[in-house]
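# Examining the three-dimensional arrangement
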Amino acid sequence: QVQLVESGGGLVQAGGSLRLSCAASGRTFSSYAMGWFRQAPGKGREFVAAISWSGGSTYYADSVKGRFTISRDNAKNTVYLQMNSLKPEDTAVYLCAAAPRRRPTTAQAMTVNFYDYWGQGTQVAVSS
(Lines give C-alpha, C1' and ligand atoms only; values in the text may rest on other atoms or scores of the structure.)
Protein backbone atom coordinates (compact mmCIF):
# COMPACT_ATOMS: atom_id res chain seq x y z
CA GLN A 1 0.00 0.00 0.00
CA VAL A 2 1.28 3.45 -0.91
CA GLN A 3 -0.16 6.72 0.36
CA LEU A 4 0.55 9.92 -1.55
CA VAL A 5 0.25 13.49 -0.31
CA GLU A 6 0.70 16.43 -2.68
CA SER A 7 1.69 19.96 -1.71
CA GLY A 8 2.95 23.18 -3.26
CA GLY A 9 -0.08 24.33 -5.20
CA GLY A 10 -1.35 27.89 -5.13
CA LEU A 11 -2.27 30.97 -7.11
CA VAL A 12 0.33 32.42 -9.46
CA GLN A 13 0.36 34.92 -12.32
CA ALA A 14 0.93 33.81 -15.88
CA GLY A 15 4.63 33.39 -16.52
CA GLY A 16 5.31 32.44 -12.93
CA SER A 17 6.58 29.23 -11.40
CA LEU A 18 5.53 26.67 -8.82
CA ARG A 19 7.09 23.47 -7.51
CA LEU A 20 4.79 20.67 -6.52
CA SER A 21 5.85 17.89 -4.19
CA CYS A 22 4.38 14.44 -3.64
CA ALA A 23 5.43 12.62 -0.49
CA ALA A 24 4.93 8.86 -0.48
CA SER A 25 4.67 6.44 2.40
CA GLY A 26 6.11 2.95 2.33
CA ARG A 27 9.58 1.46 1.98
CA THR A 28 9.18 0.42 -1.65
CA PHE A 29 8.91 3.89 -3.16
CA SER A 30 11.97 3.32 -5.30
CA SER A 31 10.22 0.37 -6.97
CA TYR A 32 7.43 2.57 -8.34
CA ALA A 33 7.11 4.65 -11.43
CA MET A 34 5.52 7.98 -10.53
CA GLY A 35 3.28 10.28 -12.50
CA TRP A 36 1.60 13.65 -12.37
CA PHE A 37 -1.85 14.20 -13.84
CA ARG A 38 -4.16 17.18 -13.75
CA GLN A 39 -7.88 17.63 -13.80
CA ALA A 40 -9.67 20.85 -14.68
CA PRO A 41 -13.33 21.40 -13.72
CA GLY A 42 -15.66 19.31 -15.87
CA LYS A 43 -12.80 17.46 -17.58
CA GLY A 44 -11.11 14.11 -17.23
CA ARG A 45 -7.66 13.45 -15.85
CA GLU A 46 -4.92 14.58 -18.22
CA PHE A 47 -1.40 13.20 -18.22
CA VAL A 48 1.29 15.76 -17.38
CA ALA A 49 4.55 13.95 -16.66
CA ALA A 50 5.99 10.68 -15.36
CA ILE A 51 9.31 9.29 -14.18
CA SER A 52 10.79 5.83 -13.90
CA TRP A 53 11.97 4.29 -10.63
CA SER A 54 15.52 5.58 -10.94
CA GLY A 55 14.71 8.89 -12.57
CA GLY A 56 16.56 7.76 -15.67
CA SER A 57 13.49 7.98 -17.87
CA THR A 58 11.03 10.84 -17.97
CA TYR A 59 7.88 11.38 -20.00
CA TYR A 60 5.99 14.61 -20.74
CA ALA A 61 2.78 15.71 -22.35
CA ASP A 62 3.40 17.89 -25.38
CA SER A 63 1.55 20.75 -23.71
CA VAL A 64 4.12 21.02 -20.89
CA LYS A 65 7.31 19.89 -22.59
CA GLY A 66 10.06 22.47 -22.11
CA ARG A 67 8.18 24.19 -19.27
CA PHE A 68 7.73 21.46 -16.64
CA THR A 69 10.36 19.15 -15.12
CA ILE A 70 9.66 16.00 -13.13
CA SER A 71 12.24 14.63 -10.71
CA ARG A 72 12.41 12.34 -7.70
CA ASP A 73 14.44 11.83 -4.54
CA ASN A 74 14.15 8.20 -3.48
CA ALA A 75 15.94 8.88 -0.20
CA LYS A 76 13.12 11.27 0.70
CA ASN A 77 10.30 9.24 -0.88
CA THR A 78 9.31 12.34 -2.82
CA VAL A 79 8.60 13.23 -6.42
CA TYR A 80 8.59 16.82 -7.67
CA LEU A 81 7.08 18.77 -10.51
CA GLN A 82 8.80 22.05 -11.30
CA MET A 83 6.44 24.20 -13.35
CA ASN A 84 7.79 27.27 -15.14
CA SER A 85 6.24 29.72 -17.60
CA LEU A 86 2.79 28.87 -16.30
CA LYS A 87 -0.23 29.64 -18.43
CA PRO A 88 -3.90 30.10 -17.48
CA GLU A 89 -4.67 26.80 -19.22
CA ASP A 90 -2.45 25.04 -16.67
CA THR A 91 -5.09 25.76 -14.02
CA ALA A 92 -6.27 22.45 -12.54
CA VAL A 93 -6.03 20.11 -9.60
CA TYR A 94 -2.70 18.30 -9.90
CA LEU A 95 -2.62 14.69 -8.74
CA CYS A 96 0.30 12.44 -8.01
CA ALA A 97 0.11 8.73 -8.90
CA ALA A 98 2.20 5.61 -8.32
CA ALA A 99 2.50 2.42 -10.37
CA PRO A 100 4.26 -0.76 -9.18
CA ARG A 101 6.45 -0.99 -12.26
CA ARG A 102 9.93 0.41 -12.46
CA ARG A 103 10.13 1.59 -16.04
CA PRO A 104 6.91 2.00 -18.02
CA THR A 105 6.60 2.37 -21.73
CA THR A 106 5.61 5.83 -22.87
CA ALA A 107 2.07 4.66 -23.56
CA GLN A 108 1.77 3.13 -20.10
CA ALA A 109 3.16 6.21 -18.38
CA MET A 110 0.48 8.36 -20.03
CA THR A 111 -2.44 6.11 -19.08
CA VAL A 112 -4.58 6.71 -15.99
CA ASN A 113 -5.30 3.00 -15.50
CA PHE A 114 -1.58 2.18 -15.31
CA TYR A 115 -1.42 3.72 -11.84
CA ASP A 116 -2.64 1.94 -8.72
CA TYR A 117 -2.35 4.70 -6.14
CA TRP A 118 -3.45 8.33 -6.22
CA GLY A 119 -3.13 11.34 -3.98
CA GLN A 120 -5.92 13.80 -3.20
CA GLY A 121 -4.46 16.54 -5.36
CA THR A 122 -3.28 20.11 -4.96
CA GLN A 123 -4.92 23.09 -6.65
CA VAL A 124 -2.96 25.22 -9.10
CA ALA A 125 -4.53 28.43 -10.37
CA VAL A 126 -2.84 30.65 -12.95
CA SER A 127 -4.22 34.13 -13.50
CA SER A 128 -3.83 36.03 -16.74
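Residues take numbers from 1 onward in each chain, read along the sequence in its written order. With the structure being a predicted model, the display of local features is reserved for residues of pLDDT at least 70 and the display and counting of side-chain atom pairs for 80 or more, all residues being used for whole-chain, interface and lining totals. Hydrogens and waters are ignored; side-chain quantities use all the structure's heavy atoms.

## Thoughts on the side chain of S57
Tracing the backbone shows S57 in the loop between β5 (46-51) and β6 (58-60). Contacts described as polar in this section are N or O atom pairs within 3.5 Å, which, within protein, must combine one atom able to donate a hydrogen with one able to accept it, while residues neighboring in sequence count only if both atoms come from side chains. A polar side-chain atom of S57 sits 3.2 Å from a polar atom in the side chain of R103. By definition, residues are in contact when any of their heavy atoms lie within 4.5 Å. Once you skip the residues sitting within four places of it in the chain, S57 turns out to touch A50, I51, S52 and R103. Secondary structure elements are defined from DSSP: runs of H or I of at least 4 residues count as helices, runs of E of at least 2 residues count as strands, and each element is numbered from the N terminus.

## A look at the state of the cysteines
Cysteine sulfur atoms are paired as a disulfide whenever they come within 2.5 Å of each other. According to the stated counting rule, one finds one disulfide in the structure shown. Linked covalently through their sulfurs, C22 and C96 form a disulfide whose S-S length is 2.1 Å. The sign of the S-S torsion, about -80 degrees, decides the handedness of the disulfide formed by C22 and C96: left-handed. Here C96 lies in strand β9 (residues 92-99) and C22 lies in strand β3 (residues 18-24), a separation of 74 residues in the sequence. Side by side, C22 and C96 carry an identical accessibility label, which is buried. Buried residues are those whose accessible area, probed at 1.4 Å on protein chains only, stays under 20% of the maximum for their type, while exposed residues exceed 50% and partly exposed ones sit between those limits.

## Thoughts on the pairing of strand β4 (residues 33-39)
Counting buried positions over the seven residues of β4 gives six, a clear majority of the element. Only strands that DSSP links by at least two bridges are regarded as paired with each other. Where β4 meets β5, five bridges bridge the pair, whose relative direction is antiparallel. Looking across to β5, one finds that G35 is bridged to A50. Between β4 and the antiparallel strand that follows it, β5, lie six residues; G42 among them carries a positive phi value of about 80 degrees.

## A look at the pattern of salt bridges
We define a salt bridge as a contact between a side-chain nitrogen of Lys or Arg and a carboxyl oxygen of Asp or Glu at a distance within 4 Å. Scanning the model with the defined rule gives four salt bridges in all. Put simply, D62 and K65 hold a salt bridge, and the shortest N to O gap is 3.2 Å. Side by side, D62 and K65 carry an identical accessibility label, which is exposed. In this structure, D90 engages R67 in a salt bridge whose closest nitrogen and oxygen atoms are separated by 2.8 Å. Residue D90 is found in the loop between β8 (78-83) and β9, and its partner R67 is found in the loop between β6 and β7 (68-73); the two are separated by 23 residues along the sequence. Residue classification places R67 among the buried residues on the basis of a relative accessible area of 11%.

## Here's the deal with the sheet that holds strand β1 (residues 4-7)
Across a sheet, paired strands are connected by hydrogen bonds in the backbone, their directions being either parallel or antiparallel. Taken together, four strands build an open sheet; the order of strands is β1-β3-β8-β7 and the sheet is antiparallel. Of all strands in the sheet, those bounded by a partner on one side alone are β1 and β7. Adjacent strand axes in the sheet meet at a mean angle of 15 degrees, parallel and antiparallel pairs treated alike. Sheet topology note: the β7/β8 ladder contains six bridges and is antiparallel. Bridging across to β8, I70 finds its partner in L81. Axis lines are fitted to C-alpha atoms, over the contacting stretch for helices. Their N-to-C directions set the angle, which ranges from 0 to 180 degrees.

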